[in-house]
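# Report on the structure
Each chain, letter by letter, is given below.
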Amino acid sequence: MRIGTPSEVEKGENRVAMTPDSARQLQKLGYECAIEKGAGKPAGFSDADYEAAGVAIIDTAEALWADVDIIAKVRIPTTSELDRLTADKTLITFFNPGGNEAGLEQAKSKGANVIAMEMVPRISRAQKMDALSSMANIAGYRAVIEAGNNFGRFFTGQVTAAGKVPPAKVLVVGAGVAGLAAIGTSTSLGAITLAFDVRPEVAEQVESMGAEFVYLDFEEEQQDGASTGGYASVQSEEFRNAQLAKFRELAPEVDIVITTALIPNREAPELWTKDMVDAMKPGSVIVDLAAEKGGNCKLTVADEKIVTENGVTIIGYTDFPSRMATQASTLYATNIRHMMTDLTPEKDGQINHDMEDDVIRGATVTYQGEITFPPPPPKVQAIAAKPKAAEPELTPEEKRAAEVAAFKAQTKQQVTLLGVMAVLILGVGLIAPASFMQHFIVFVLSVFVGFQVIWGVAHSLHTPLMAVTNAISSIIILGALMQIGSGGGFLVVLLAAISVFFAGINIFGGFLVTRRMLAMFQKS
């Protein structure tokens with residue numbers, strides 16, 4: 001089968017759904033790749049780059065749509081684009097099925113299969129296909145860069161011979177993927193960063209990134225503010241009033257506000273009112289990432305940058321990922337490639353549209369002439385642990401009796417083990433020389449003590465323990481090498497060689513695991 005990518009028809013859209021690198025990966029799955037002439041140029045990929053990757057260049061969009069079996073694109077398809085679909089084609093794109101009823105009906109009438117990338121379930125194994133998170137990550141980063149471009153001071157504080165510059169104070173409203181990306185970028189630039197979210201579990205994530213979480217003195221905030229899919233849910237009027245009161249308190253203090261609050265298929269909630277804008281200092285900046293759905297700021301104008309009478313700049317761009325087209329295209333094309341990997345389990349260049357698969361079923365909005373949106377909940381839940389049955393409440397006497405019984409059972413087991421070991425050592429002592437028994441008893445005691453020490457260590461500490469076990473293994477190797485050179489007989493040399501072999505595995509494996517663990521805490 002052949003997969004192709006047309007140029008995006010929406011004005012100002014610079015992204016492309018296929019890159020030369022993703023095309024090479026798709027070819028390994030057995031697909032032929034094609035792209036419309038010049039489709040990758042706005043994202044920094046020339047036709048020559050695609051040709052070098054083995055991608056066919058098609059002159060027109062009409063020819064490409066007619067020639068390929070699978071179409072991968074970025075933006076919601078237009079009516080004219082949907083008219084080019086046929087029953088044997090598969091379309092993979094952002095589709096907005098919740099607000100695009102006409103598009104669903106048109107795709108249904110064509111009999112085409114449509115996979116909406118924003119509908120990929122937010123479960124662990126689908127993270128590699130989560131295009132919404134990929135684009136939100138870029139939008140959050142770019143929002144801080146746009147704010148810095150319009151802010152008249154440093155982000156970080158400085159003390160120079162020419163004077164002292166205070167650090168900028170940034171407030172991020174909404175700590176989803178975009179919000180966390182904005183928080184990370186802001187703190188890395190040295191700003192004092194505050195963040196707010198209706199989901200209390202986000203506080204730890206915010207604080208772990210070096211920002212300060214803004215709490216409300218409101219009882220409802222302690223409830224779960226999340227809905228299905230990891231998005232924030234609609235809150236009560238009382239909560240909203242407490243939220244707005246807190247923002248009014250912060251408005252005169254902050255220099256930059258980045259709003260990211262958005263619930264799918266709803267208008268953006270108004271969180272930054274006109275009186276808050278009026279209370280901000282001249283030169284302050286507001287970046288509204290929800291501008292496409294009306295904006296979180298009352299004065300936001302979609303796709304425009306305005307300056308208020310009191311000197312506050314409000315940025316309402318709706319194309320933040322497109323403003324970093326090369327990076328955005330690379331990530332989105334990778335999401336598409338991972339989706340194609342799941343659709344092609346045999347790597348034979350043929351789609352296996354398995355509607356029993358949670359990810360494929362969740363992302364499919366039309367299939368074989370039927371509308372399949374909305375999808376059923378995933379069979380694989382985010383937390384698959386079975387709740388424990390409630391244990392019966394025990395009286396203090398019953399608890400003490402249970403503890404005594406457990407202690408007696410453990411003591412009996414230890415006494416039995418020691419008795420068996422004593423009998424074995426006695427048996428060996430009857431036939432072995434005294435010099436051997438001296439070393440053998442030390443060896444047995446060492447094994448026993450070492451086992452008890454290591455067995456008592458929590459699993460979370462096993463990796464730091466590698467350093468100690470490596471040192472012990474090194475001593476074992478030194479002792480074994482001395483025995484190999486002592487000429488003590490074939491059995492002694494054999495046992496010493498086996499000791500060197502297994503101790504070497506422990507050392508090299510320990511260093512490898514420790515290295516991988518340390519790499520997790522290093523910035524790339």
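Definitions and cut-offs
Residue numbers run consecutively from 1 along every chain, following the written order of its sequence. Two thresholds apply to this predicted model, a pLDDT of at least 70 for residue-level local features and 80 or more for giving and counting side-chain atom pairs, whereas whole-chain, interface and lining totals are computed over all residues. In computing side-chain values, all of the structure's heavy atoms are included and hydrogens and water are not. Elements are defined by DSSP. Helices are runs of H or I of four residues or more, strands are runs of E of two residues or more, and each kind is numbered from the N terminus. Three labels apply to residues, based on accessible area from a 1.4 Å probe with only protein chains included: buried if under 20% of the type maximum, exposed if over 50%, partly exposed otherwise in between. Whether two residues are in contact is decided by their heavy atoms: any pair within 4.5 Å suffices. Per-residue and other accessible areas were derived by the Shrake-Rupley procedure at a 1.4 Å probe size, with only the shown protein chains allowed to occlude residues. In these notes, a set of buried Ala, Val, Leu, Ile, Met, Phe, Trp, Tyr and Cys residues joined through side-chain atoms within 4.5 Å is what counts as a nonpolar core. Only when DSSP finds a minimum of two bridges between them are two strands counted as paired. Every crossover in which the path from the first strand over the helix to the second runs clockwise, viewed with the strands pointing away from the viewer, is termed right-handed. Here, the arc refers to the directions that run from the helix axis to the C-beta atoms. A fitted line through C-alpha atoms serves as each axis, taken over the contacting stretch for helices, and the angle formed by two N-to-C directions is quoted from 0 to 180°. Only the six-membered ring of Trp is used, alongside the rings of Phe and Tyr, when aromatic pairs are assigned; centres must lie within 6.5 Å, and planes under 30 degrees apart are stacked while those over 60 apart are edge-to-face, with the rest tilted. In this scheme, the term charge over a ring applies when either NZ of a lysine or CZ of an arginine sits within 6 Å of the ring centre and within 35 degrees of the ring normal. pLDDT expresses, on a scale from 0 to 100, how confident the predictor is about each individual residue.

## A word on the overall build of the chain
Per the secondary structure count, the chain includes 16 helices and 17 strands. Residues counted as buried form 40% of the 524 residues belonging to the chain. Across the chain, the fraction of contacts at a sequence separation of at least 24, relative to all contacts at a separation of at least 6, is 62%. As displayed, the chain has an accessible area near 28,700 Å², and 60% of this comes from carbon and sulfur atoms.

## Describing the nonpolar core
Soluble globular proteins tend to bury their nonpolar side chains together. One finds Ile3, Val55, Ile92, Met117, Tyr332, Met339 and Met340 to be the most contacted residues of the largest nonpolar core, which totals 40 residues. Only α1 (20-28), β2 (32-36), β4 (70-72), α6 (131-150), α11 (325-343) and α12 (358-363) provide two or more residues apiece to this core. Top contributing element to this core by residue count: α11, with seven residues. Not counting the four nearest positions on each side in its chain, Val55 is found in contact with Met18, Ala23, Gln27, Cys33, Ala34, Ile35 and Tyr50.

## Let's talk about the pairing of strand β1 (residues 2-5)
Burial of β1 is two-sided: the residues Arg2 and Gly4 facing one way and the residues Ile3 and Thr5 facing the other way are all buried. Alignment of β1 against β2, held across four bridges, turns out to be parallel. The partner of Arg2 across the bridge, within β2, is Glu32. With α1 bridging β1 and the parallel β2, this β-α-β connection has right-handed handedness. Note: β1 against β4, two bridges, orientation parallel. Across the sheet, the residue bridging to Ile3 is Ile70, located in β4.

## Describing α1
Taken together, the buried positions of α1 are occupied by Pro20, Ser22, Ala23 and Leu26. What you see down the axis of α1 is that its buried residues fit within an arc of 155°, all on one side. Pointing more than 90 degrees away from the buried face of α1 are the exposed residues Asp21 and Lys28. A positive backbone phi angle near 100° is found at Gly30, which sits one or two residues after α1.

## Quick notes on the pairing of β2
Across the five residues of β2, four count as buried, placing the element largely inside the fold. Remark: the β2/helix α2 (residues 47-52)/strand β3 (residues 56-58) crossover connection has right-handed handedness.

## Considering the environment of Ile258
Assignment of secondary structure puts Ile258 in strand β12 (residues 256-259). You can call Ile258 buried: its relative accessible area is 0%. Between the C-alpha atom of Ile258 and that of Val172, which follows or precedes it by 86 residues, the distance is 4.8 Å. Once residues lying within four places of it in the same chain are set aside, the contact partners of Ile258 are Ala143, Val144, Val170, Leu171, Val172, Val173, Ala182, Val287 and Leu289.

## Details of the sheet that holds β3
Spatial strand order, β3-β2-β1-β4-β5-β6-β16-β17: eight strands in an open sheet with mixed pairing. Both outer strands of the open sheet, β3 and β17 (370-371), are each paired with one neighbouring strand and no more. Across the sheet, α11 touches β1, β4, β5 (90-93) and β6 (113-116), and the angle it forms with β5 is around 140°.

## Overview of the side chain of Thr19
For Thr19, the location among the structural elements is in the loop between β1 and α1. Taking the relative accessible area as the measure of exposure, Thr19 reaches 4% and is therefore buried. Apart from residues lying up to four places away in sequence, Thr19 is in contact with Phe45, Tyr50, Ser329, Thr330 and Ala333.

## Some details on the packing of aromatic side chains
The geometry of an aromatic ring pair is captured by the separation of the ring centres together with the interplanar angle, meaning the angle of the planes. Applying the stated criterion to the full structure yields nine aromatic pairs. Pairing Phe45 with Tyr50 gives two aromatic rings, centres 6.4 Å apart and planes at 70°, and the pair type is edge-to-face. For the pair Phe151 and Phe155, a centre-to-centre distance of 6.4 Å together with 75° between the ring planes defines the contact as edge-to-face. Take Phe151 and Phe155: they sit in the same class, and that class is buried. Through a chain of ring-to-ring contacts, three or more aromatic side chains come together here, namely Phe196, Phe239, Phe247 and Trp272. Looking at Arg323, its charged tip hangs above the ring of Tyr317, at a distance of 3.8 Å from the centre.

## Quick word on the sheet that holds strand β15 (residues 313-315)
Read from one edge to the other, the open sheet built from seven strands follows the order β11-β10-β9-β12-β13-β15-β14, with strand pairing classed as mixed. Two strands close off the open sheet at either side, each with one partner strand: β11 (212-213) and β14 (305-307). Across the sheet, α6 touches β12, β13 (285-288), β14 and β15, and the angle it forms with β13 is around 155°. Set on the sheet, helix α9 (residues 237-250) makes contact with β9 (169-173) and β10 (192-196); between it and β10 the angle comes to about 165°.

## Regarding the confidence of the model for the chain
Confidence in the prediction for the chain averages 87 pLDDT; 88% of positions are at 70 or higher. Low pLDDT, under 50, characterises residues 382-387; the stretch is placed with zero contacts to residues that sit more than four places away or in other chains.

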